[in-house]
Amino acid sequence: DQQVKQNSPSLSVQEGRISILNCDYTNSMFDYFLWYKKYPAEGPTFLISISSIKDKNEDGRFTVFLNKSAKHLSLHIVPSQPGDSAVYFCAASGGSGGSNYKLTFGKGTLLTVNP
Amino acid sequence: AAGVIQSPRHLIKEKRETATLKCYPIPRHDTVYWYQQGPGQDPQFLISFYEKMQSDKGSIPDRFSAQQFSDYHSELNMSSLELGDSALYFCASSPNSGGESDEQYFGPGTRLTVT
């Protein structure tokens, strides 16, 4: 049962435009959400996170929005750059009792930013 | 800045052999997580350690064991290897701040191939 879902396997945008990556989750006990970027043959790189007590967190070109009632979050990248081309994973933690910090990942979205 | 170090980066083993994967967390990080990523899959949580004690356990086979040492490095021991164990194994570390969810920082991974 996939508790974190990224329904778009791929996304293609033009350089300078906005990239919007979406993520849905089913476990209402998740209380912390993260976005990771992954290049081939490398480990996931942390991008940005958001706690369930917030609905928005911004860091430079990256903004994450959380809609708890819809169990939905999104990552906005503005402006998109060719170097942003990578697989983006949505991850969530919390809800299992005890140590809640293990991450549950979505299957990832391949973002391609075209020059 | 220092990152998570994993060794070896690549490992080829035959069925029924054993393998040991090592992880050196970022300095002053006391929590280590292990994840397995199969081909085309999202990373799956295996096991975690906080202050040298196992803190959580996921979908880790009984053939696998792990520990965290006094210098906070961790080793994942895998015995009776099967073809299905072929995957990328990631280690992540975080500076557990005593009850808060912290970002996890991932190493480059060890690619294990079982033939």
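The sections below set out a description of the structure shown in this document. (Residues numbered from 1 in each chain as written. Chains lettered and ligands numbered in written order. Predicted model: local features only at pLDDT ≥ 70, side-chain atom pairs only at ≥ 80, totals over all residues. Heavy atoms only, no water.)

### Quick notes on the overall build of chain B
The following threshold applies: Runs of E in the DSSP output that reach at least two residues are strands. Runs of H or I that reach at least four are helices, and both are numbered from the N terminus. The globule rule is 2.2 Å times the number of residues to the power 0.38, and the radius of gyration it is compared with is taken over C-alpha atoms. Relative accessibility under 20% of the residue-type maximum defines a buried residue, over 50% an exposed one, and the middle range a partly exposed one, all with a 1.4 Å probe and only protein chains included. Any pair of residues with heavy atoms lying within 4.5 Å of one another is described as a contacting pair. Here Asp and Glu are counted as negative and Lys and Arg as positive; His is not counted, and neither are the chain ends. A charged residue contributes its charge at one atom only: NZ of Lys, CZ of Arg, CG of Asp or CD of Glu.
For chain B, the count of helices and strands is zero helices and eleven strands. Relative to its length of 115 residues, chain B is compact, with a C-alpha radius of gyration of 13 Å against a globular reference of 13 Å. Summarising its shape, the C-alpha atoms of chain B cover approximately 40 × 30 × 25 Å along the three principal directions. Taken over 115 residues, chain B has a buried fraction of 49%. Taking the intrachain contacts of chain B between residues at least 6 apart in sequence as the baseline, contacts between residues at least 24 apart amount to 53%. Each charge class in chain B can be summarised by its mean position, and for the 10 positive and 14 negative side chains these summaries are 9 Å apart.

### Regarding unusual backbone geometry
Geometrically, the link from Val78 of chain A to Pro79 of chain A is a cis peptide bond, its omega value of -10° lying close to zero. At the junction of Ser7 of chain B and Pro8 of chain B, the peptide bond is cis and its omega measures out at -10° in the coordinates. By the secondary structure assignment, Pro8 of chain B is in the loop between strand 1 (5-7) and strand 2 (10-13). Residue Ala41 of chain A is not a glycine yet carries a positive backbone phi of 65°. Summarising the element assignment, Ala41 of chain A is placed in the loop between strand 4 (32-38) and strand 5 (45-51). On the accessibility criterion, Ala41 of chain A (57% relative accessible area) is exposed.

### Things to note about the state of the cysteines
All names here are of chain A. To be explicit about the condition: Here, a disulfide means two cysteine sulfur atoms that sit within 2.5 Å of each other.
Scanning the entire structure with this criterion turns up two disulfides over all chains. Put simply, Cys23 and Cys90 are joined by a disulfide, and their sulfur atoms are 2.0 Å apart. With the S-S dihedral at roughly -75°, the linkage between Cys23 and Cys90 falls on the left-handed side. Of the two residues, Cys23 is situated in strand 3 (residues 19-25) and Cys90 in strand 9 (residues 86-93); the sequence distance between them amounts to 67 residues. Residues Cys23 and Cys90 agree in their burial class; the two are buried.

### So, the packing of aromatic side chains
Going by this rule: Any Phe, Tyr or Trp ring, taking Trp's six-membered ring, that has another such ring centre within 6.5 Å forms a pair; planes under 30 degrees apart are called stacked, those over 60 apart edge-to-face, and the others tilted.
Using the criterion set out here, one finds 13 aromatic pairs over all chains in the structure. Here Tyr36 of chain A and Phe46 of chain A contribute two aromatic rings whose centre-to-centre distance is 5.9 Å and whose plane-to-plane angle is 70°, an arrangement assigned as edge-to-face. Taken together, the positions of Tyr36 of chain A in strand 4 and Phe46 of chain A in strand 5 put the pair ten residues apart, joining distant regions of the chain. Taking relative accessible area as the criterion, Phe46 of chain A reaches 21% and is therefore assigned partly exposed. Here the aromatic cluster, defined as three or more aromatic residues joined through ring pairs, consists of Tyr36, Phe46, Phe89 and Phe105 of chain A together with Tyr33, Tyr35, Phe45, Phe90, Tyr105 and Phe106 of chain B.

### Section: the side chain of Asp84 of chain A
Residue and element names in this part refer to chain A. Inclusion rule: The term polar contact refers here to a pair of N or O atoms within 3.5 Å; inside protein, the definition further demands a hydrogen-donor-capable atom paired with an acceptor-capable atom, and it admits residues adjacent in sequence only when both atoms are side-chain atoms.
Tracing the backbone through its elements, the reader meets Asp84 in the loop between strand 8 (72-77) and strand 9. Under the relative-accessibility criterion, Asp84 is labelled buried at 2%. Side-chain polar atoms of Asp84 contact the side chain of Arg61, separated by 2.8 Å. The residues touching Asp84, leaving out its near neighbours within four places in the chain, are Lys37, Arg61, Phe62, Ile77, Pro79, Leu111 and Val113.

### A word on the environment of Thr31 of chain B
Residue and element names in this part refer to chain B. By the secondary structure assignment, Thr31 is in strand 4 (residues 31-37). Overall, the relative accessible area of 2% leaves Thr31 in the buried class. Distance from Thr31 to Ala87, taken between C-alpha atoms, is 23 Å for residues 56 residues apart in sequence. A distance of 3.1 Å separates polar atoms of two side chains, one belonging to Thr31 and the other to Asp30.

### Regarding the sheet that holds strand 6 (residues 56-59) of chain A
Residues and elements named next belong to chain A. Quick reminder of the rule: Strand pairing follows a simple DSSP-based rule, namely that at least 2 bridges must link the two strands.
Ordered in space as 1-3-8-7-6, the five strands form an open sheet in which the pairing is antiparallel. Because the sheet does not close on itself, it has two edges, and the strands there are strand 1 (4-5) and strand 6. Note: strand 3 against strand 8, six bridges, orientation antiparallel. Counted as the bridge partner of Cys23 is Leu73 from strand 8.

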